[in-house]
Amino acid sequence: MERNPAVPGTSGQTNRAIDVFLADDNLIVREGVKALIERNADLRVVGVAADYDGVVSGCAATEPQVLVTDVRMPPSFRREGIDAAKEVRSLFPGTGVVILSQYDDPEYAVSLLAEGSAGYGYLLKDRVAEGTQLADAIRAVATGGTALDPQIVEALVRPVLTPGGLSSAEELLLSLIAEGRTIKAIAAIRKVPPSVIDAEVEAVFVKLATGVSAGDHTALNRLRLLHQAIVDREEQGETLSRLLPSGLASKLRNASDVRIGETEKVFVTVLMSDIRSYSTIAEHADPSELASQLNTHRAAMNRAILGEGGTVMQFVGDAVMAVFGAPFPQDDHGDHAVAAAAGMHALQADINASWRAIGLPEFGLGIGLSTGPAAAALLGSEERLEYTLVGDTVNLAQRLQQFASAGETVLSSATRDVLSVQVPAEELPAQLVKGRDTPVVAFKIGQMTKAGTL
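Described below are features of the structure shown in this document. Treat the numbers as computed from the prediction; the structure is a model and nothing was measured.

Thoughts on the overall build of the protein
1) Next: Helix and strand counts for the protein stand at 16 helices and 14 strands.
2) Next: For the protein, the residues scored as buried account for 49% of the 454 residues in total.
3) Next: By sequence separation, contacts in the protein at least 24 residues apart represent 68% of the contacts at least 6 residues apart.
4) Next: For the protein, the exposed surface amounts to about 20,800 Å²; the carbon and sulfur share of it is 53%.

Let's talk about the side chain of Glu-80
1) Next: Within the secondary structure layout, Glu-80 lies in helix α3 (residues 80-91).
2) Next: Of note is the side chain of Glu-80, whose polar atom sits 3.4 Å from the backbone nitrogen of Met-73.
3) Next: Not counting residues up to four positions away in its chain, the partners in contact with Glu-80 are Tyr-52, Val-71, Arg-72, Met-73, Pro-74 and Pro-75.

Here's the deal with the packing of helix α2 (residues 52-62) against α3
1) Next: Between α2 and α3, whose axes approach to 9 Å, the crossing angle comes to 20°. On the basis of their axis angle, the class for α2 and α3 is roughly parallel. The handedness of the crossing between α2 and α3 is right-handed. When α2 is examined against α3, the residues Tyr-52, Val-55, Val-56 and Cys-59 are found in contact with a partner set consisting of Glu-80, Asp-83, Ala-84, Glu-87, Val-88 and Leu-91.

Looking at the pattern of salt bridges
1) Next: In total, this model carries seven salt bridges according to the counting rule given.
2) Next: Across the pair Arg-190 and Glu-200 runs a salt bridge, and its minimum N-O distance is 2.9 Å. In this pair, Arg-190 is assigned in helix α8 (residues 183-190) and Glu-200 in helix α9 (residues 194-213), connecting sequence segments 10 residues apart.
3) Next: Given the relative accessible area of 36%, Arg-190 is considered partly exposed.
4) Next: Between Asp-274 and Arg-276 there is a salt bridge, and its shortest N-O distance comes to 2.9 Å. There is no split in this pair, since Asp-274 and Arg-276 are both buried.

Describing the packing of helix α13 (residues 287-307) against helix α14 (residues 333-357)
1) Next: Where α13 contacts α14, the axes come no closer than 8 Å and their chain directions differ by 150°. Regarding the angle of α13 to α14, the classification is roughly antiparallel. Of the two elements, α13 crosses α14, and the hand of that crossing is right-handed. Contact residues: α13 offers Gln-293, Thr-296, His-297, Ala-300, Met-301, Arg-303, Ala-304 and Ile-305, while α14 offers Ala-340, Gly-343, Met-344, Leu-347, Gln-348, Ile-351 and Trp-355.
2) Next: Within the contact of α13 with α14, the residues separate by chemical class into nine nonpolar, five polar and one charged.

So, the sheet that holds strand β3 (residues 66-70)
1) Next: Spatially, β2-β1-β3-β4-β5-β6 is the arrangement adopted by the six strands of the open sheet, whose pairing is parallel. On the outer flanks of this sheet lie β2 (43-49) and β6 (147-148), each paired with one strand and no other.
2) Next: Where strand β1 (residues 18-23) meets β2, six bridges bridge the pair, whose relative direction is parallel. Counterpart to Phe-21 in the pairing with β2 is Gly-47.
3) Next: Most of the contacts of α2 go to β1, to which it runs at about 160°, and overall it touches β1, β2 and β3.
4) Next: Of the strands in this sheet, β1, β2, β3, β4 (96-101), β5 (120-124) and β6 touch helix α5 (residues 133-142), which is tilted by about 150° from β4.

As for the nonpolar core
1) Next: Ranked by size, the top nonpolar core spans 31 residues in total, and within it Leu-271, Met-344 and Phe-363 carry the most contacts.
2) Next: Counting residues per element, the ones that place at least two in this core are β7 (263-276), α12 (278-284), α13, β9 (319-324), α14 and β10 (364-380).
3) Next: In terms of residues, this core owes the most to one element, α14, which gives seven residues.
4) Next: If sequence neighbours within four positions are ignored, Phe-363 has contacts with Ile-275, Tyr-278, Ile-281, Leu-290, Gln-293, Leu-294, His-297, Gln-348, Asn-352 and Trp-355.
5) Next: Formed by 20 residues, the second largest nonpolar core is a distinct cluster that contains Val-45, Val-68, Val-128 and Ala-147.

Calculation rules
Sequence order as written defines residue numbering, which begins from 1 separately in each chain. With the structure being a predicted model, the display of local features is reserved for residues of pLDDT at least 70 and the display and counting of side-chain atom pairs for 80 or more, all residues being used for whole-chain, interface and lining totals. Values reported for side chains reflect all heavy atoms of the structure, with hydrogen atoms and water molecules removed beforehand. The helix and strand labels rest on DSSP assignments: H or I over at least four residues marks a helix, E over at least two residues marks a strand, and numbering proceeds from the N terminus. Only protein chains enter the accessibility calculation, which uses a 1.4 Å probe. A residue is then buried if its area is under 20% of the maximum for its type, exposed if over 50%, and partly exposed in between. Every residue pair with non-hydrogen atoms within 4.5 Å of one another is taken to be in contact. Note that accessible areas follow from Shrake-Rupley with a 1.4 Å probe, and for residues the cover is restricted to the protein chains shown. Here a polar contact means two N or O atoms within 3.5 Å. Within protein one must be a hydrogen donor candidate and the other an acceptor candidate, and residues neighboring in sequence count only if both atoms are side-chain atoms. Note on geometry: axes are lines fitted to C-alpha atoms, helical ones only across the stretch in contact, with angles between N-to-C directions running from 0 to 180 degrees. Should an angle fall under 35 degrees it is taken as roughly parallel, and over 145 as roughly antiparallel, whereas 65 to 115 is taken as roughly perpendicular and any remaining angle as oblique. Note: crossing handedness is left-handed where the near helix turns anticlockwise from the far helix by less than a right angle, and right-handed where it turns clockwise. Whenever a carboxyl oxygen of Asp or Glu lies within 4 Å of a side-chain nitrogen of Lys or Arg, that contact is scored as a salt bridge. Any residue outside Ala, Val, Leu, Ile, Met, Phe, Trp, Tyr, Cys, Pro, Asp, Glu, Lys and Arg is labelled polar, Gly included; the first ten of those are nonpolar and the last four are charged. Pairing between strands is defined by DSSP: at least two bridges between them are needed. Remark: nonpolar core denotes a set of buried residues (Ala, Val, Leu, Ile, Met, Phe, Trp, Tyr, Cys) joined through side-chain atoms within 4.5 Å.

Written out as structure tokens, the structure is:
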């Protein structure tokens, strides 16, 4: 699998940690921050640097999932950290970035976030030792989230509020916008239709624009940032809607629909897929071409899963996790999961044929299916929610996919037992898997069509 993927569904634990590259020219600060990071079992510092060149070359060598860097570093001690972070993001799109600064000047945050906030964090150095702020920020940006210190949010808002220019209600609205709340989320908080909030936001922006008309470039930059916060969050919501059934997407975007942290017992079939020999493919492939291939692969896998009423839980590197039977019950979730697996193999075979014709490496897909009880929950906060499924059923699906060669699907005995229409399958020798005290009996399905025949 791709660099350090977290294996979902293990009660908060991962098989491997999130790789972090750390940069600060002050040795004492650097070692202190490193110690803070490595207090967390799911975080690992894979390299350090003290200047711009060290950051860029170090990240190129280690390909971390997250870069944590100071703002000012050699050679000029201006904004080398931000510049280096943007260079790393251009070389390795998707790398999360956390900026640590001793300055609460919003101009640094504006320059960092001007092109979008997804995958960026900005924290104040004198507060990173408080609680789990730094670790939480690293985890957030690693998955495309945003993490801003509350003081930075306040500073972003405060300078654009001219005395007497905005009412207290407008100031509150501006604060919610700066925090990245969507129009729909603000409407839910205020208990009014989204159209009302939309009109109020437009009115506030008109007032802020008066500063722009007067030639205030700072006001223009902050206005752009506030607008981008809305756009980013709405776009993330639209992406979520493509990955999840619409009812669940609404729940994830509106915390008032469900109690955060409340678990639900479900009986489901979990699907785990993985690209065989992906590390070898990545080693020899052009990064931009490989990114395009991954995007094509994920879109096809998503289409096959949604076509059978499944829910895509996670894309982790080259792996896909999906569930059938949650968040909405399916009496025949096992049948749908098997059909989805067959569809995934068929679509990937078609894609491979087109890649073969132009000389691109093919993806060989291995899939594991496991059926049984699990616990589902919305975890996180009102600002950032994740629909999570945990339990032995999830873990077993991950283990079973390791037994599948390219083009094969491996079922647990429980999955085979719930199928209403049996498919030809080869029983594998009972064997121990990690996390199980007794041997597991599984069944292997070879190349299948979507209709479920060999």
